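Now for the letters of each chain:
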Amino acid sequence: MIIAVIPGYNEGPRIADVVGVAAAHLPVVVVDDGSSDDTAARARASGATVIEQQPNQGKGAALRAGFRRALADGADDVLTLDADGQHDPAEIPEFLSAWAAEPRPDLVIGRRNFRAMPPIRRLSNLLGGRAFSWAVGRPIPDNQSGYRLVSRRIVEATLASDEHGFEFEVEMITTCIRLGGMIAWVPIRTIYAGEPSHIRPIAHLRSFIRIVRKARREVQHPLA
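This structure is a prediction, so every number in the text was calculated from the model and none was measured. (Residues numbered from 1 in each chain as written. Predicted model: local features only at pLDDT ≥ 70, side-chain atom pairs only at ≥ 80, totals over all residues. Heavy atoms only, no water.)

Regarding the side chain of Glu91
Thinking step 1. Among the secondary structure elements, Glu91 is positioned in the loop between β4 (77-80) and α4 (92-99).
Thinking step 2. Of the polar contacts made by the side chain of Glu91, one reaches the backbone nitrogen of Arg189; its length is 3.1 Å.
Thinking step 3. When sequence neighbours within four positions are dropped, the list of residues in contact with Glu91 reads Tyr147, Pro187, Ile188 and Arg189. (Helix = DSSP H or I, 4+ residues; strand = E, 2+ residues; numbered from the N terminus. Polar contact = N/O pair within 3.5 Å; in protein donor to acceptor, adjacent residues only side chain to side chain. Contact = heavy atoms within 4.5 Å.)

Encoded structure:
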């Protein structure tokens, strides 16, 4: 069984649509990460199992909470997508098709079209992609896409992480590589419709530099 895990923070206006479509394909767990709006209530009304954590702890912590619940509910693998509408849940079957391929990957990542992004985000993703690809020694065309299908093996390996923010998703790729896992890619729609961003540019850059350095160390010295 595959369970969808959706972390959300103040996504009341959008969460119901995301859950409604996702639930047509998979059971859904929503982790409400300290929202001050009605995210939890709307997600629950749309058919999701909801975890409410207070205070806000960051996307990485929310994903791990969702992973633990999914595993406890019997998940063999976990699909993750964002609650803000930037991931189209109607594309879930594309991930399931990639998952059914042989040999089966450990991680399927939705690859966005950077040309469809606002200029600042496009530049950030392009430069970040080059830096991270250098760090792990292989092409990683989209290291920050949160639309993923993750094997139980990788899910379990990430539970001990202490990364609380977006860095957790970058670290997940490093973990997969370090364990010898196979990564597959699925083209996905790149959707931007003026949603508020929770990213703080300077802090984001500093954190990304740190996680790239960490990835370089772990890939070069996996047992260190």
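So, the pairing of strand β5 (residues 107-111)
Thinking step 1. With respect to burial, β5 is a largely interior element, 4 of its 5 residues being buried.
Thinking step 2. The sheet contact formed by β5 and strand β6 (residues 148-151) spans 3 bridges and is antiparallel. The residue bridging Val108 from the neighbouring strand is Leu149, located in β6.
Thinking step 3. Examined bridge by bridge, β5 and strand β7 (residues 183-187) share 5 bridges and lie parallel to one another. When the bridges of β7 are listed, Ile109 appears paired with Trp185. (Buried < 20%, exposed > 50% of the residue type's maximum accessible area, 1.4 Å probe, protein only. Pairing = 2+ DSSP bridges.)

Let's talk about the sheet that holds strand β3 (residues 49-53)
Thinking step 1. A sheet is described by the order of its strands in space; here 7 strands give the open sequence β3-β2-β1-β4-β6-β5-β7, paired in mixed fashion. The open sheet is flanked by β3 and β7, the only strands paired with a single partner. Each strand axis lies, on average, 20° off the axis of its neighbour in the sheet, ignoring direction.
Thinking step 2. The sheet contact formed by strand β2 (residues 28-33) and β3 spans 5 bridges and is parallel. Bridge pairing in β3 links Val30 to Val50. (Axes fitted to C-alpha atoms, helices over the stretch in contact; angles between N-to-C directions.)

A few points about the nonpolar core
Thinking step 1. Counting residues in hydrophobic clusters, the biggest one holds 34 residues, and the most contacted among them are Val5, Phe67, Leu107, Phe132, Ile173 and Ile183.
Thinking step 2. Going through the elements one at a time, β1 (2-8), β2, α3 (59-72), β5, α5 (119-136), α6 (152-158), α7 (167-178) and α8 (201-220) are the ones with two or more residues in this core.
Thinking step 3. Excluding residues that lie within four positions of it along the chain, Phe67 makes contacts with Val5, Val78, Thr80, Val155, Thr158, Leu159, Phe168 and Met172.
Thinking step 4. Counting residues in each nonpolar core, the second largest holds 27 residues, with Ala43, Ala83, Ala98 and Ile188 among its members. (Core = buried A, V, L, I, M, F, W, Y, C linked by side-chain atoms within 4.5 Å.)

Here's the deal with the packing of aromatic side chains
Thinking step 1. Counting across every chain of the model gives 2 aromatic pairs.
Thinking step 2. With 6.1 Å between their ring centres and 50° between their planes, Phe67 and Phe168 make a pair best called tilted. Here Phe67, found in helix α3, pairs with Phe168, found in helix α7; they are 101 residues apart in sequence, far enough to count as distant. In this pair, the class of Phe67 matches that of Phe168, namely buried. (Phe/Tyr/Trp six-rings, centres within 6.5 Å; stacked < 30°, edge-to-face > 60°.)

Digging into the packing of α3 against α7
Thinking step 1. Their axes nearest at 7 Å, the elements α3 and α7 cross at an angle of 60°. If you check the angle between α3 and α7, you find them oblique. In contact with Lys59, Gly60, Leu63, Arg64 and Phe67 of α3, α7 contributes Phe168, Glu169 and Met172.
Thinking step 2. Residue composition of the contact of α3 with α7, by class: 4 nonpolar, 1 polar and 3 charged. (Parallel < 35°, antiparallel > 145°, perpendicular 65-115°, else oblique. Nonpolar A, V, L, I, M, F, W, Y, C, P; charged D, E, K, R; others polar.)

A look at the pattern of salt bridges
Thinking step 1. Enumeration according to the criterion identifies 14 salt bridges in this entry.
Thinking step 2. Salt-bridge contacts for Glu52 lead to Arg44; the nearest nitrogen and oxygen are separated by 3.1 Å.
Thinking step 3. A relative accessible area of 43% means that Arg44 is categorised as partly exposed.
Thinking step 4. Salt bridges sharing partners connect three or more residues here, namely Glu163, Glu171, Arg210 and Lys214. (Salt bridge = Lys/Arg side-chain N within 4 Å of Asp/Glu carboxyl O.)

Structural notes on α5
Thinking step 1. Here α5 contains 18 residues, and its C-alpha end-to-end distance of 26 Å stays within 8% of the 26 Å for a straight helix at 1.5 Å per residue.
Thinking step 2. If you check which residues of α5 are buried, you get Asn125, Gly128, Gly129, Phe132, Ser133, Ala135 and Val136. All buried residues of α5 lie within an arc of 145° about the axis, which places them on one face of the element. Away from its buried face, by an angle of more than 90 degrees, α5 presents the exposed residues Pro119, Ile120, Arg130 and Trp134. (Expected span 1.5 Å × (residues − 1). Arc of directions from axis to C-beta.)

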